[in-house]
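# Overview (structure and organization)
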Amino acid sequence: MVRDYNNRHALDQKLRGTPKPANADHLEVSHWQAIATVLAHAGLDAAVERALSSTPDLSLRYCGPGEWLVVSHVDTPVGLMRRLDMLCGTQAHVVDQSDGRVLLRLSGPSARTILAKGIGVDLHPAAFAHGGSTNVLCGHIAVNLMASGADVFELIVARSFAESLFDDLMAMGRQFDISSAFSE
Amino acid sequence: MSAYRLSSGGLVDRSKVLSFTFDGRPLRGLAGDTLASALLANDQLLVGRSFKYHRPRGIVSAGPSEPNALVTLGSGARSDPNTKATVAELYSGLTAKSQNRWPSLGFDVGAVNGLLSPFLGAGFYYKTFMWPRQLWEKLYEPVIRRAAGLGRAVLERDPESYEKSWAFCDLLVVGGGPAGLMAALTAGRAGLRVILADEDFRLGGSLLSETETIDGSPASAFADRVAAELRSLDNVTLLSRTTVFGWYDDNVFGAVERVQKHVAEPSAKLPTERVWRIAAKRALLATGAEERPLVFGGNDRPGVMMGGAIGTYAERYGVSAGKSVAIFTSGSSGYRTARGLAARGMSVSTIVDSRPDAVDAAPDGVRVVRSGSIIDTKGSKRLSGIVVERSGYEELIACDALGMSGGWSPVIHLACQRGGRPVWSEDLKAFAAPDVGGGLRVIGAANGVYTLSGCLRDGAGKAAAIAEELGFHAAEAPLPVIDAEVEPSFAALWYVPGAKSKAFVDFQNDVHAKDLGLALREGFGHVEHAKRYTTSGMATDQGKLSNINAVGILAGMRGVSPAEVGTTTFRPFYTPVSFGALAGTSRDTHATPTRKSPLHEWAKKNGATFVDSGLWFRSAWFPRGGEKTWRESVDREVLNVRANVGICDVSTLGKIEVFGVDAAEFLNRLYCNPMLKLPVGKARYGLMLREDGFVFDDGTVSRLADDHFFVTTTTAMAGAVMSHMEYCAQALWPDLKVRFCSVSDQWAQMAIAGPKARDVLQQLLDEDISETAFPFLSARATALRGGINARLFRISFSGELAFELAVPAGYGEAVADQIMEAGRAHDICAYGVEALNVLRLEKGLLTHAEFDGRVTPDDAGLGRMFSAQKPDFIGKHLSARYGLTAADRMQLVGLKLVDKDKEKDMRAGAHLLKEGMKPSTLNDQGWVSSAGYSPVLGQHIALAFLKSGRERYGEKIVVWDRLRDHEVTAEVCDPVFVGSENTKLKA
């Protein structure tokens with residue numbers, strides 16, 4: 001028996017269907033991206049961070065001392081693992097999380113106001129600068145949050161919580177007519 | 001008719017008429033009115049009945065300190081009891097009902113309590129506890145509960161929605177009066193991130209009822225100008241209709257915003273109320289000051305109000321509280337009120353001044369009675385006159401409204417919520433805020449600054465200082481100019497002697513001056529005792545008006561200074577906050593998150609019935625056509641796994657990758673059984689203990705490489721095990737080179753169990769998984785045909801030949817579909833957690849039903865896993881404690897029902913008794929941890945813990961189920977009910 005297996009997105013049930021036009025405040029979900037956890041060996045935090053942050057197409061999100069989530073929109077999960085192994089395989093442990101994490105991108109003029117309904121950190125650009133990331137709670141759910149643009153935030157959540165987080169974000173954004181869709 | 005709308009003036013929109021009802025009576029008000037001002041404009045003075053004596057009560061204040069005018073707004077599920085009419089913004093269609101009256105506000109049966117008042121003095125409630133005892137539950141309690149009361153809570157589901165939000169700022173200004181506005185403006189211009197919160201629906205505070213002018217124009221126009229400039233600044237957030245209710249650690253403030261309390265048809269997009277948690281680098285308290293009522297005979301008659309409130313109703317709302325107003329004052333504020341009223345064309349007849357030699361100027365034609373006091377009031381449901389006394393001469397003066405002005409108390413509630421006690425100031429004759437550090441400072445009237453120009457200066461100055469502290473610069477700006485202002489002075493007057501009728505201290509709780517005397521006489525003179533004994537300062541207003549007089553009276557009675565009496569304790573909340581707002585969105589499906597397995601959709605299309613399991617949704621069983629009960633489905637699934645093959649979703653197990661050169665050593669210390677020499681490519685069952693020697697969790701440990709392990713935990717303990725590991729790595733053994741992370745969500749994991757499991761699974765794999773190539777307890781990374789990465793484990797939780805297959809979560813559904821297809825010829829079935837449970841029960845395998853935190857490895861029959869040879873591991877040392885090694889500890893056994901009657905069963909939680917013993921926990925021999933029906937044996941079986949159980953196989957024992965009041969006899973046996981030789985496992 002040989003066959004192609006379909007990969008079902010965690011938010012497939014929520015987002016399947018014809019895309020609607022995006023409103024000013026919009027929650028966008030990519031069908032796929034590669035995500036990996038990188039855990040630096042003892043004492044090599046700085047070296048690993050240097051190696052990763054100097055590589056194009058890789059986006060680094062801070063999770064804790066010597067621990068990052070690395071996101072790539074150009075690699076396959078297997079490809080990212082291979083690339084990370086080459087980059088820092090002797091300095092860090094690398095774990096594929098592409099299927100275990102879901103990335104949601106919230107953008108729009110009210111993005112900060114919407115997130116402030118669930119996230120207890122200061123999201124003002126002076127306090128949470130473009131490119132900054134951290135682990136936070138959004139309501140009851142643990143997420144990794146990154147300020148990925150002027151009014152753009154990316155949330156990475158464990159797959160089993162994705163539907164609940166999605167529902168929470170839509171409720172938090174109802175005041176601003178938030179829309180949602182898979183990326184084109 | 002006596003209260004009425006003035007023909008002009010006020011900050012109400014006379015072109016916008018709003019209709020509303022009070023107790024069903026249709027009334028009209030104006031946009032900009034509160035419910036209280038609209039009621040007054042309609043001459044509806046009587047608004048409620050008092051708590052204990054059911055006395056008629058009217059509006060007293062014009063703000064949040066209101067003790068009397070509590071009404072229920074709305075109807076049905078949308079009812080909002082105990083709403084203060086003095087802050088409720090009027091809207092078209094508002095319906096209000098009075099409270100604590102029966103059958104009607106005008107005629108109230110409970111008023112008979114007034115005649116019983118000699119028996120209802122302070123502490124009567126507590127005295128009913130004492131004697132006669134048998135009357136308490138039958139008579140006192142129900143009667144008191146019915147008679148005393150405020151609004152009634154609604155039992156219907158609350159249809160409103162609520163939310164919470166965080167906010168961060170450099171400076172939080174609490175209160176939008178003159179000091180607060182000036183502070184926000186100064187800080188806002190300097191570039192600070194400022195939040196200004198004010199509980200009113202219009203910014204300005206006292207400026208809105210001010211008679212003095214600022215820079216030559218009305219004070220309210222100045223407020224509007226400042227508010228407009230603040231609105232234009234990006235770095236300033238204005239929160240109106242927002243009450244800051246609490247001050248918490250780290251300078252976080254709690255506030256509630258009434259987003260849609262003032263609209264008849266709320267928008268579905270907005271919450272009704274929003275709770276703010278505001279983290280502020282600095283905060284300024286600009287909450288103003290509260291005018292003090294005077295305690296004299298008959299002071300609770302409707303029509304007796306705060307002097308400042310009468311002024312506010314006239315200036316801000318264009319409403320006259322009466323045709324003929326009298327003022328009773330102990331200071332200059334009473335005169336200022338009188339001048340304001342006269343300027344509005346209202347008739348002020350008399351000022352009764354308690355002081356002998358005041359120099360304040362009364363308006364022309366107003367009689368001033370110096371050294372005077374009021375000892376009684378006349379009228380039934382509203383004031384018709386006052387009895388004024390001077391040197392024994394009593395005089396009845398007709399009036400229909402009386403303004404009380406007993407001086408001022410700064411509103412310092414928030415500043416005292418974190419342990420700081422108010423400080424008595426002899427200068428202010430009031431309690432002032434303590435020094436609570438730089439995070440929170442007090443400005444304006446709350447700081448005892450009572451002139452308008454002083455408030456503006458205080459606000460601007462303190463805001464500029466904060467700006468400098470935070471590295472900003474506030475440019476000097478000239479302060480606005482105020483004309484002819486008066487510094488209010490007053491004499492403290494706690495109690496007016498000679499009262500001819502009850503002189504109330506606390507209106508809301510019907511506490512009068514004599515109650516405080518009784519408390520003192522009966523040994524409850526301490527201010528905290530007096531509060532509880534008399535109820536003075538309790539209930540919804542928490543004594544905002546009354547506390548200061550209660551303290552003053554107690555001080556007077558004891559002959560000491562108020563400083564010595566002190567105050568009761570200030571705690572959040574400043575004013576009541578609805579439970580709905582505090583819960584926010586955390587209700588219904590948003591109360592807790594729901595976790596879904598990557599195989600959820602697969603299970604759904606295979607007809608699964610789901611069960612809540614912690615946050616997870618797990619498939620419980622998969623009913624097929626014709627099956628009428630869950631037992632039928634579960635029995636079929638169990639028998640099919642034993643005879644053929646089944647597939648079960650086990651993705652919810654916790655999964656942790658452990659790396660590092662010391663990973664093996666780390667795990668060896670975490671588990672009680674040896675892990676150091678686990679070969680690569682092998683899995684092992686592992687048992688973790690707590691430090692105290694009891695079982696913490698169990699799972700499997702697989703070694704994928706020398707320095708790479710894959711650990712599973714139970715579903716329930718996944719988070720706890722991860723935290724435990726973090727603690728051990730960071731705090732106990734920081735020297736070990738080990739890193740780990742959770743991959744629970746990365747893998748969809750399924751168990752394929754049954755004699756035909758290999759035949760099914762081999763179809764998806766190129767790799768040989770025969771008994772020789774992949775024996776029991778093998779573990780390795782592999783790939784499915786088609787190139788999907790996978791991990792395969794030869795482990796079993798059913799005693800059958802079994803595999804666990806993990807694939808990246810997104811592929812889980814497709815792979816499970818493929819397994820079902822490959823298994824069709826082998827009669828595969830999907831099975832759920834119920835069948836899983838029966839399968840493990842038949843094999844005596846354990847879960848957290850057994851590992852309940854009181855069980856050692858030996859209790860559970862796993863004593864051989866306890867590796868005494870290992871130098872150390874968590875739980876080793878405390879396992880040697882006497883109690884944990886005692887011979888009569890309860891040990892795991894199996895139970896089989898002696899009587900095979902299918903109606904009789906056993907349930908978890910039942911207790912075990914020796915035959916013939918009286919059913920009592922005194923005779924307890926043990927308890928049932930798990931029970932179920934074994935379709936293989938055709939009888940009910942159970943796992944249980946029994947004293948010295950392993951020596952008692954064959955004994956008959958009584959299973960006593962106290963909940964169902966039901967006893968059955970069972971035989972004690974080996975906990976492995978089915979296939980104890982384990983031949984199928986290794987086939």
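Being a predicted model, the structure only gives us computed values, none of them experimental.

## Overview of the overall build of chain A
- When you go through chain A residue by residue, the secondary structure sums to 5 helices and 10 strands.
- Its C-alpha atoms give chain A a radius of gyration of 17 Å, within 12% of the compact-globule value 16 Å for 184 residues.
- Principal axes of the C-alpha set define a box for chain A whose edges measure 55 × 50 × 30 Å.
- Burial analysis of chain A (184 residues in total) assigns 47% to the buried set.
- Of the contacts formed within chain A by residues at least 6 apart in sequence, a portion of 66% connects residues at least 24 apart.

## As for the pairing of strand E5 (residues 92-96) of chain A
Residue and element names in this part refer to chain A.
- With 5 of 5 residues buried, E5 is to be regarded as a mostly interior element.
- By the alternation rule, side chains of E5 split into Ala-92, Val-94 and Asp-96 and His-93 and Val-95, which are all buried.
- Direction of pairing for strand E2 (residues 34-40) relative to E5: antiparallel, over a ladder of 5 bridges. The residue of E5 that forms the bridge with Leu-39 is His-93.

## Here's the deal with the packing of helix H9 (residues 513-521) of chain B against helix H11 (residues 547-558) of chain B
All names here are of chain B.
- At a minimum axis distance of 10 Å, the contact between H9 and H11 shows a crossing angle of 50°. Classified by the angle between their axes, H9 and H11 sit oblique to one another. Of the two possible hands of crossing, H9 and H11 adopt the one that is right-handed. Between H9 and H11, the residues in contact are Ala-513, Leu-516, Gly-517 and Leu-520 and Ala-550, Ile-553, Leu-554 and Met-557, respectively.
- Along the lines of polarity and charge, the residues of the contact of H9 with H11 split into 7 nonpolar, 1 polar and no charged.

## A few points about the domain arrangement of chain A
All names here are of chain A.
- Considered domain by domain, chain A is made up of domain 1 (12-31 + 100-182) and domain 2 (34-96).
- Computed over C-alpha atoms, the centres of domain 1 and domain 2 are 23 Å apart.
- Taken residue by residue, the interface counts 8 residues in domain 1 and 7 residues in domain 2.
- Residue assignment for the side of domain 1 that touches domain 2 shows that the elements contributing at least two residues are strand E6 (101-107), strand E7 (133-138) and strand E8 (141-149).
- Here the residues of the side of domain 1 that touches domain 2 are counted per class, giving 3 nonpolar, 4 polar and 1 charged.

## Here's the deal with the packing of H9 of chain B against helix H10 (residues 527-534) of chain B
All names here are of chain B.
- Contact geometry of H9 with H10 gives a least axis separation of 10 Å together with a crossing angle of 120°. When the axes of H9 and H10 are compared, the pair comes out oblique. The way H9 lies across H10 gives a crossing that is right-handed. Here H9 contributes Asp-515, Leu-516 and Ala-519 to the contact with H10, which in turn contributes Ala-530, Tyr-533 and Thr-534.
- Grouping the amino acids of the contact of H9 with H10 by side-chain chemistry returns 4 nonpolar, 1 polar and 1 charged.

## Overview of the interface of chain B and chain A
- Taken together, the 41 residues of chain B in the interface contact 38 residues of chain A.
- Secondary structure elements with two or more residues in the side of chain B that touches chain A: strand E9 (162-174), strand E33 (595-596), strand E37 (654-659), strand E41 (739-742) and helix H19 (812-823) of chain B.
- If one sorts the elements of the side of chain B that touches chain A by residue count, E9 of chain B sits on top with 6 residues.
- For the side of chain B that touches chain A, the residue count by class is 17 nonpolar, 11 polar and 13 charged.

## Details of the sheet that holds strand E48 (residues 911-914) of chain B
Residue and element names in this part refer to chain B.
- Spatially, 6 strands are ordered E47-E50-E49-E48-E51-E52 in a closed barrel, and the strand pairing comes out antiparallel. When strand polarity is set aside, the average angle formed by the axes of neighbouring strands in this sheet is 45°.
- Note that strand E47 (residues 890-897) and strand E50 (residues 939-947) share 7 bridges and pair antiparallel. Note on E50: the bridge partner recorded for Met-890 is Lys-947.
- Its contacts with the sheet place helix H20 (residues 833-842) against strand E49 (926-934) and E50, and it is angled at close to 115° to E49.

## Here we look at the environment of Thr-37 of chain A
- Note on placement: Thr-37 of chain A falls in strand E2.
- In sequence terms Thr-37 of chain A and Ser-110 of chain A are 73 residues apart; their C-alpha atoms lie 30 Å from each other.
- What Thr-37 of chain A contacts, discounting residues up to four positions off in sequence, is Glu-67, Leu-69, Val-95 and Gln-97 of chain A together with Cys-741 of chain B.

## A closer look at helix H5 (residues 162-172) of chain A
- Counting buried residues in H5 of chain A gives 9 out of 11 residues, a clear majority hidden from the surface.
- Taken as a whole, H5 of chain A has its buried residues at Ala-162, Glu-163, Ser-164, Leu-165, Phe-166, Asp-168, Leu-169, Ala-171 and Met-172 of chain A.

## Looking at the sheet that holds strand E36 (residues 646-649) of chain B
Residues and elements named next belong to chain B.
- Taken together, 6 strands build an open sheet; the order of strands is E43-E44-E45-E42-E36-E46 and the sheet is mixed. Whereas interior strands pair on both sides, the edge strands pair on one side only; in this sheet they are strand E43 (779-783) and strand E46 (829-830).
- Of the strand pairs in this sheet, E36 and E46 are connected by 2 bridges, and their pairing is parallel. Looking at E46, one finds that Ile-647 is bridged to Ala-830.

## Overview of the pairing of E7 of chain A
All names here are of chain A.
- Here E7 pairs with E8 via 6 bridges, running antiparallel. In the sheet register, Asn-135 faces E8, and the bridge partner there is Asn-144.
- Counted between consecutive antiparallel strands, the loop separating E7 from E8 contains 2 residues, among which Gly-139 sits at a positive phi close to 60°.

How each quantity is defined
Residues numbered from 1 in each chain as written. Chains lettered and ligands numbered in written order. Predicted model: local features only at pLDDT ≥ 70, side-chain atom pairs only at ≥ 80, totals over all residues. Helix = DSSP H or I, 4+ residues; strand = E, 2+ residues; numbered from the N terminus. Rg over C-alpha atoms; globule rule 2.2 N^0.38 Å. Buried ≥ 20, exposed ≤ 12 C-beta atoms within 10 Å, placed from the backbone. Contact = placed C-beta atoms within 7 Å. Pairing = 2+ DSSP bridges. Axes fitted to C-alpha atoms, helices over the stretch in contact; angles between N-to-C directions. Parallel < 35°, antiparallel > 145°, perpendicular 65-115°, else oblique. Left-handed = near helix turned anticlockwise from the far one by under 90°. Nonpolar A, V, L, I, M, F, W, Y, C, P; charged D, E, K, R; others polar. Domains from an automatic or database assignment.

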